[in-house]
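Next come the chains, spelled out residue by residue.
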Amino acid sequence: AVVSTQSTGDLEVRLEAKTEKEEYMPSGEVGLGRATFREFLDRYRTDNMYCVSEIPEPMYKDLTLPGIMNCGGLKSSLKEMNMWINSGGAKSIIHKDAHNQLNCLLSGSKDWIFINNSYNHGIYQAEEIDGEHGGFSLINPDAVNYKTFPLFADVPWEYATVYGGDCLYLPPRYYHRVKSTNRNMAVSFLFGTMSQFEMDGCDSIQPALPLQDAEVLWKYPGSGMMSMGNSDPADVQEMFHDLLQDVLEESSVDKVTVRQYLDHIIEKLAAEVPYIRQQFSLLFKDTVIFNDVEEIDHKWLQSLPCETWLTIAASVSFDPSNDPNSEFYYITKEEVMNSLKEATYYQSLDEDTFIRTYRSISGSLRIGRELFAALSKDNKTVTWYDVVNGEDNFRGYGREHDRGDGEMHQRNEIIKERAEIEMEETRKQEL
């Protein structure tokens, strides 16, 4: 595949640090964790950044779906297409993903480690919300603490190195770890689980299919909101039927009112994920899903079109890193105001200096410019008084996105920190 930056350079891609779960998140011109493809290519050889992004739809013309997937149930169950580009030195934690995937390396090489699902008891998986199909291990694979994680000593693993032109199949919820030692570029084709597999055409070798001709559930146009990691609408639909069945059985009826049903959804889901309450309130307030409907049953749910389930799945799956304005979730109001007040205490800031100050706290060029324009009274400088009196311009920072995992995250971090301290003490004793 040859991708021309002349035609794709302005498309936006998602960024991560080269080490997965690292606290640092790279900032681009577009936003925190978001850059144009051109900017990424200009910086990725020298900066700590890794393109882990949905493939923008305009790039589909430069890629093909491998012939092995151009048949039957594989071709009809494509969920999302992602690309992975780094200059070397990238490494993931031990983790698992929700979907089937075929990961194809276009150039370079990658080292993979796989752990069979039958050994999950020795993985020490981090706590996660009920219903989540992904997950990660608390173990640092570069320095395993067998005192804290003794069962891992008996976990066997398999190893593979893939090179440019190789494709690797990874089953869903299968623990693995990936490491890059050199520059590489890969694409992954995610597809859903199937209770029955359609074999139409799969008994013979099929030609590769231009990606632009493939049917993909979640597509990313090249700017705006991404859908990486969104739930499968079929899974969401099944969950909604299960929730409806709960209400029907509790009430011993064949139909329930819309209000009863929505209250039950919010009560059940918000118990695990507080964020759901806010999302569902907004979703059902602004949607026409339940217009002119008083009572519902399984038949009615089944009649809802695919577009409706896509809307619901996108709403409950929201991840701030998919949002080009993600810095409003990761940077607090206090961080921004304190940084700008300190910088303007003795002098006013012109736009260039203001933006350098804003970017020093991981802010982006785009939002830095917008903030300067909002604060500056003369369109030339920002003063200390502009910052103090312009507090309303900072209210968007520090947005809450409580998926119910805040306390879980703290407990996970305590375990990992304890393991690191013990490892350091062991090293000192050996010296």
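Above this text sits the structure in question.
The rules behind these values
- Residues numbered from 1 in each chain as written.
- Predicted model: local features only at pLDDT ≥ 70, side-chain atom pairs only at ≥ 80, totals over all residues.
- Heavy atoms only, no water.
- Core = buried A, V, L, I, M, F, W, Y, C linked by side-chain atoms within 4.5 Å.
- Buried < 20%, exposed > 50% of the residue type's maximum accessible area, 1.4 Å probe, protein only.
- Helix = DSSP H or I, 4+ residues; strand = E, 2+ residues; numbered from the N terminus.
- Contact = heavy atoms within 4.5 Å.
- Disulfide = S-S within 2.5 Å.
- Pairing = 2+ DSSP bridges.
- Axes fitted to C-alpha atoms, helices over the stretch in contact; angles between N-to-C directions.

**Q** When you look at the nonpolar core in this model, what are you seeing that I'm missing?
**A** Most often, soluble globular proteins have nonpolar side chains that are buried together. Ranked by size, the top nonpolar core spans 30 residues in total, and within it Phe40, Leu65, Met81, Met83 and Phe189 carry the most contacts. Listed by contribution, the elements that provide at least two residues to this core are β1 (12–16), α2 (37–43), β5 (78–86), β7 (100–107) and β13 (184–191). Sequence-distant contacts of Met83, defined by excluding residues within four places in its chain, comprise Val13, Phe37, Cys51, Val52, Ser53, Ile55, Pro56, Met59, Ala186 and Val187.

**Q** Teacher, can you tell me more about the state of the cysteines here?
**A** Simply put, disulfide is the name for a covalent bond between the sulfur atoms of two cysteines. If you walk through the whole model with that rule in mind, you get two disulfides. Each sulfur of the disulfide joining Cys71 and Cys202 lies 2.1 Å from the other. Sign of the S-S torsion, about 100° for the bond between Cys71 and Cys202, identifies this disulfide as right-handed. Of this pair, Cys71 sits in the loop between β4 (64–65) and α3 (72–76) while Cys202 sits in the loop between β13 and β14 (209–210); the two residues are 131 residues apart in sequence, bridging distant segments of the chain. Assessed through its relative accessible area of 6%, Cys71 is described here as buried. Disulfide pairing is shown between Cys104 and Cys167; the S-S distance is 2.1 Å. Between Cys104 and Cys167, the disulfide has an S-S torsion of 110° and is therefore right-handed. Here Cys104 is found in strand β7, whereas its partner Cys167 is found in strand β11 (residues 167–170), with 63 residues between them in sequence. Judged by relative accessible area, Cys167 falls into the partly exposed class, the value being 42%.

**Q** Looking at this structure, how should I read the environment of Thr332?
**A** Along the polypeptide, Thr332 turns up in the loop between α9 (327–330) and α10 (333–344). In the structure, Thr332 is positioned 67 residues away from Arg399 in sequence and 7.9 Å away in space, judged by C-alpha atoms. What Thr332 contacts, discounting residues up to four positions off in sequence, is Tyr397 and Gly398.

**Q** Honestly, the sheet that holds strand β2 (residues 34–36) in this entry has me stumped. Any pointers?
**A** Think of a sheet as strands paired side by side through backbone hydrogen bonds, with each pair either parallel or antiparallel. The seven strands are arranged β2-β1-β3-β5-β13-β7-β11 in an open sheet whose pairing can be described as antiparallel. In this open sheet, the two edge strands, each paired with only one partner strand, are β2 and β11. Geometrically, the sheet is characterised by an average inter-axis angle of 25° between neighbouring strands, direction not taken into account. Where strand β3 (residues 50–54) meets β5, four bridges bridge the pair, whose relative direction is antiparallel. Within β5, the residue paired with Cys51 across the bridge is Ile85.

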